[in-house]
Amino acid sequence: MTQRAKIHTDGPEPPGAGGQGGPLIDAGAELDPVHPVPPPVQHRSGGLTAAEVAERVARGEVNDVPVRSSRSAVDIIRGNVFTRFNAIIGILWVIMLIVAPIQDSLFGFVIVANTGIGIIQELRAKKTLDGLAVIGETKPTVRRDGTAAEVHTSEIVLGDCIELGPGDKVVVDGEVAEADGLEIDESLLTGEADPVLKKRGDQVMSGSFVVAGTGAFTATKVGREAYAAQLAEEASRFTLVHSELRSGISMILKYVTWMMVPTSIALIISQLVVKDTDFKRSVARTVGGIVPMIPEGLVLLTSVAFAIGVIRLGRKHCLVQELPAIEGLARVDVVCLDKTGTLTEGGMDVTELRTLDGADEAYVRAVLGALGESDPRPNASLQAIIDTYPDGGDWRCTQALPFSSARKYSGATFSEGDGQSSTWLLGAPDVLLPDGDPVLDEIEELNQQGLRVLLLSRAHGELDDPDVAGNARAAALVVLEQRLRPDASDTLAYFADQNVDAKILSGDNAVSVGAVASKLGLPGADRTVDARRLPAERGAMATVLDEGAVFGRVTPQQKRDMVGALQAHGHTVAMTGDGVNDVLALKDADIGVSMGSGSEATKAVAQIVLLDNSFATLPSVVAEGRRVIGNITRVATLFLTKTVYSVLLAILVVCFGMEYPFLPRHLTLLSTLTIGVPAFFLALAPNKERARPHFVRRVMRYAIPGGIIAAAATFTTYLLAAHHYSGPGALAAETSAATLTLFLVSIWVLAIIARPYTWWRIALVAVMGGAFLVVLVVPWLQNFFALRLVGTTMPWTAAAIAAVGAAVLELAWRWVDRKAAADA
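Fair warning: this is a prediction, and the values are worked out from it, not measured in the lab.

**Notes on the pattern of salt bridges**
- Under the definition given, this model contains 21 salt bridges.
- For Arg 312, the salt bridge identified is with Glu 624, shortest N-O distance 3.6 Å. Taken together, the residues span a long stretch of sequence, with Arg 312 in helix 10 (residues 296-314) and Glu 624 in helix 22 (residues 618-656) at a distance of 312 residues.
- The closest approach of N and O atoms between Asp 357 and Arg 473, which form a salt bridge, is 2.6 Å. Residue Asp 357 is located in the loop between strand 10 (344-355) and helix 12 (361-374), and its partner Arg 473 is located in strand 15 (residues 473-484); the two are separated by 116 residues in the primary sequence.

Given below as structure tokens:
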């Protein structure tokens, strides 16, 4: 910071300027006696003392608003235990424990185990999320006892002096104490797109962020008193990603409840009133008819699949701030990439300095050194210049204009060592130069090589004049080479292979960005578009976006508009970025992805943060999303097929005035072997299927015919068995025959859903079938589950009916497949 200590304001601060005329002075820096800082500012720049901090902590004036990346442990336990279906099953379980043998209460123990698994997995995911959130937390810089230090957001107290720089998020409400070209974007709170220039004494709201300049503010509201902080926290953390999976399952459960209630009432009446049978047996068979209607494991496995996805991604240093974001990225068909920090590494190198119009190179080097010293928070381009030209000599900065993504240039006015004064601008050549300037042809050649070019111009006039660039005179070209990320090329190839369109939205020159994209092998990299020529109308803009792949000179507001245009065209859009210019687009995109080294503002609004700054992690996130969506679709089909055939069997029993064929133990056995155990493995298995929309429609068009066929085959066997058997043990024999048919049809449903086959999928189906066979042949298991096949005629008939049902099921699902393909 020794170089920064040379910089000071020129002359006393004009009234009402709020410190805007010069940059901040670091605590402990030697002050120029000719230009002293007024005493009030001096006091604020030192911050609170340790004693004052301790006093405020004792009074509770601390920023104690919790920043959580996941649900609390209490919420996780409550969410898994206190569910509608757990309540229903819990009541039925208690009834069965009273009136029936323990075998008929097994379903309750299964639910307890499932709930425990769900809680454990979510707590593991929470631990992973919370650990990653701490790693990725950006700590604000607070001045205390005359020195600046980083502290946790929760450690800020009332009256703290907090420093601000480009990309920093305002974490509490406050009053500006120092400002040097400080521009703050409040759009996430107010909806106003234009940055607000702040002066000393102005108010700042938590949740806004700095787009240009530097400054400091005094905290005036902390903790829950800062209403704006609560709004910002809600906007940035708890705005849930739309999850078709989550909303689809909720819709399914709602419909299941509507079907279950009247069917269960009718079944209870028919079994307890119409049938003149033993009360306890009637209760047991009634419960046996109600329990399988409930798809109790579906929500559990969805939660477990998401939780394990979070844990897997956590091992790759990927923080998922909202669980459904995993699903969302898997549905994305357009990914918008910011070049700097995403495709290229943050650092740059100055490769060449070309003087123009006879400018003296030594003098230009001094100018660049002074410009480097004038900015206490340099971006990557200026940092490369600082590294190459570190010494600005005795030049003093008297006025500074920080870099802004909207302006595309920065500037400063200097008092040179010989007493002369000069004003300089540094930024995009095609912004600072008029159209047709011959220098632009020279720059075009450099851009085509993928090099980044900045123009140094000498200006005449005041920096705060909006037309200051209009009369500037070009002095030199600074040629920068960007460092490509080694993993970017493979990642772009992955997206191309998965039919995900990649669009590069950059503030740099379009030709230069296109050259970088070509080096990385981006399809359509030759189709470059200057965003300044994009149509403003959203439909026309979307057409150009669909055709192009590389867009340069994009302003922050344009990035937001481009994301909106793509969404209006029916695309699911992901936006990646790390800079403050990406915040608005990240917020509006379906999925926002931020780099871990990105600004605090970008990480606050993103749903996914790549903590190791590795763009190559994105394919893993997509793969996890596809695994979750594809597998939950399979699993949901299993569960809902069971719900459909359970409801239909209950309706048929009521209509025919018959006793319900199954005890709870029978359906617990069937559910475990054909759904429970297989679903657990299928839900966590690798799955690279491309995510498709309309989850509910796709699940139900398989589950409904599957359930109808299973119910028809089972009830047919039950009717035939009722005519075949007679005597005291007839009902047990009829139940065993019907159970055999239902198992064989259900195992065929599993066999279809397990496709395409791998060795472990075949083994899974075979082991489940073998387990049922063991129950049928081992005497004590026969007694435990009340399953004993009597004779040979009816068992073979049951098997034959199941075979016919399986064949019809195969034909029905193939017809559904063809119809689905035609609709697509």
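There is more to say, and it comes next.
**Observations concerning a negative patch on the surface**
- Side chains of Glu 462, Asp 464, Asp 465 and Asp 467 sit close together on the surface and give a patch of like negative charge.
- With respect to the helices, strands and loops of the structure, Asp 467 is situated in the loop between strand 14 (452-459) and strand 15.
- You can call Asp 467 exposed: its relative accessible area is 58%.

**Quick notes on the confidence of the model for the protein**
- When pLDDT is averaged along the protein, the result is 80; 88% of the residues meet or exceed 70.
- Looking at the elements of the protein, mean pLDDT is at its lowest for helix 1 (residues 39-46), recorded as 44, and at its highest for helix 26 (residues 759-777), recorded as 94.
- Here residues 1-44 scores under 50 on pLDDT; set against residues more than four positions off or in separate chains, the count is 78 contacts.
- Segment residues 232-240 is flagged for pLDDT under 50; beyond a separation of four residues in sequence, or across chains, it makes 22 contacts in the model.

**A short note on the sheet that holds strand 17 (residues 528-530)**
- What the 8 strands build is an open sheet, ordered 8-21-20-19-9-16-18-17; its pairing is mixed. In this open sheet, the two strands that pair with only one neighbour each are strand 8 (318-320) and strand 17. Ignoring strand direction, the axes of neighbouring strands in this sheet form an average angle of 20 degrees.
- Note that strand 8 and strand 21 (residues 608-610) share 3 bridges and pair antiparallel. Paired with Leu 319 across the bridge in strand 21 is Val 609.

**Thoughts on a nonpolar patch on the surface**
- Residues Ile 117, Val 677, Phe 680 and Phe 681 make up a contiguous nonpolar surface patch of roughly 300 Å² in combined accessible area.
- In terms of residue count, the dominant contributor to the nonpolar patch is helix 23 (residues 664-684) (3 residues).
- Along the chain, Ile 117 turns up in helix 5 (residues 106-136).

**Side note on helix 25 (residues 730-753)**
- With 24 residues, helix 25 extends 35 Å from end C-alpha to end C-alpha; this agrees with the ideal 34 Å at 1.5 Å per step.
- Burial analysis of helix 25 places 21 of its 24 residues in the buried class, the great majority of the element.

**Overview of the packing of helix 24 (residues 695-724) against helix 25**
- Taken N-terminus to C-terminus, the directions of helix 24 and helix 25 make an angle of 155 degrees; their axes are 8 Å apart at the nearest point. Relative to helix 25, the element helix 24 lies roughly antiparallel. For helix 24 against helix 25, the interelement crossing comes out right-handed. The residues of helix 25 that touch helix 24, namely those facing Ala 710, Ala 713, Thr 714, Thr 717, Tyr 718, Ala 721 and Ala 722, are Leu 731, Glu 734, Ala 737, Ala 738, Thr 741, Leu 742 and Val 745.
- Of the residues that constitute the contact of helix 24 with helix 25, the class distribution is 10 nonpolar, 3 polar and 1 charged.

The rules behind the values
- Residues numbered from 1 in each chain as written.
- Predicted model: local features only at pLDDT ≥ 70, side-chain atom pairs only at ≥ 80, totals over all residues.
- Heavy atoms only, no water.
- Salt bridge = Lys/Arg side-chain N within 4 Å of Asp/Glu carboxyl O.
- Helix = DSSP H or I, 4+ residues; strand = E, 2+ residues; numbered from the N terminus.
- Patch = residues over 30% accessible without salt bridge, like charges linked within 9 Å, V, L, I, M, F, W, Y side chains within 5 Å.
- Areas by Shrake-Rupley, 256 points an atom, 1.4 Å probe, with all protein chains shown as cover.
- Lys, Arg positive; Asp, Glu negative; His and termini not counted.
- Charge placed at Lys NZ, Arg CZ, Asp CG, Glu CD.
- Buried < 20%, exposed > 50% of the residue type's maximum accessible area, 1.4 Å probe, protein only.
- pLDDT = per-residue confidence, 0-100.
- Contact = heavy atoms within 4.5 Å.
- Pairing = 2+ DSSP bridges.
- Axes fitted to C-alpha atoms, helices over the stretch in contact; angles between N-to-C directions.
- Expected span 1.5 Å × (residues − 1).
- Parallel < 35°, antiparallel > 145°, perpendicular 65-115°, else oblique.
- Left-handed = near helix turned anticlockwise from the far one by under 90°.
- Nonpolar A, V, L, I, M, F, W, Y, C, P; charged D, E, K, R; others polar.

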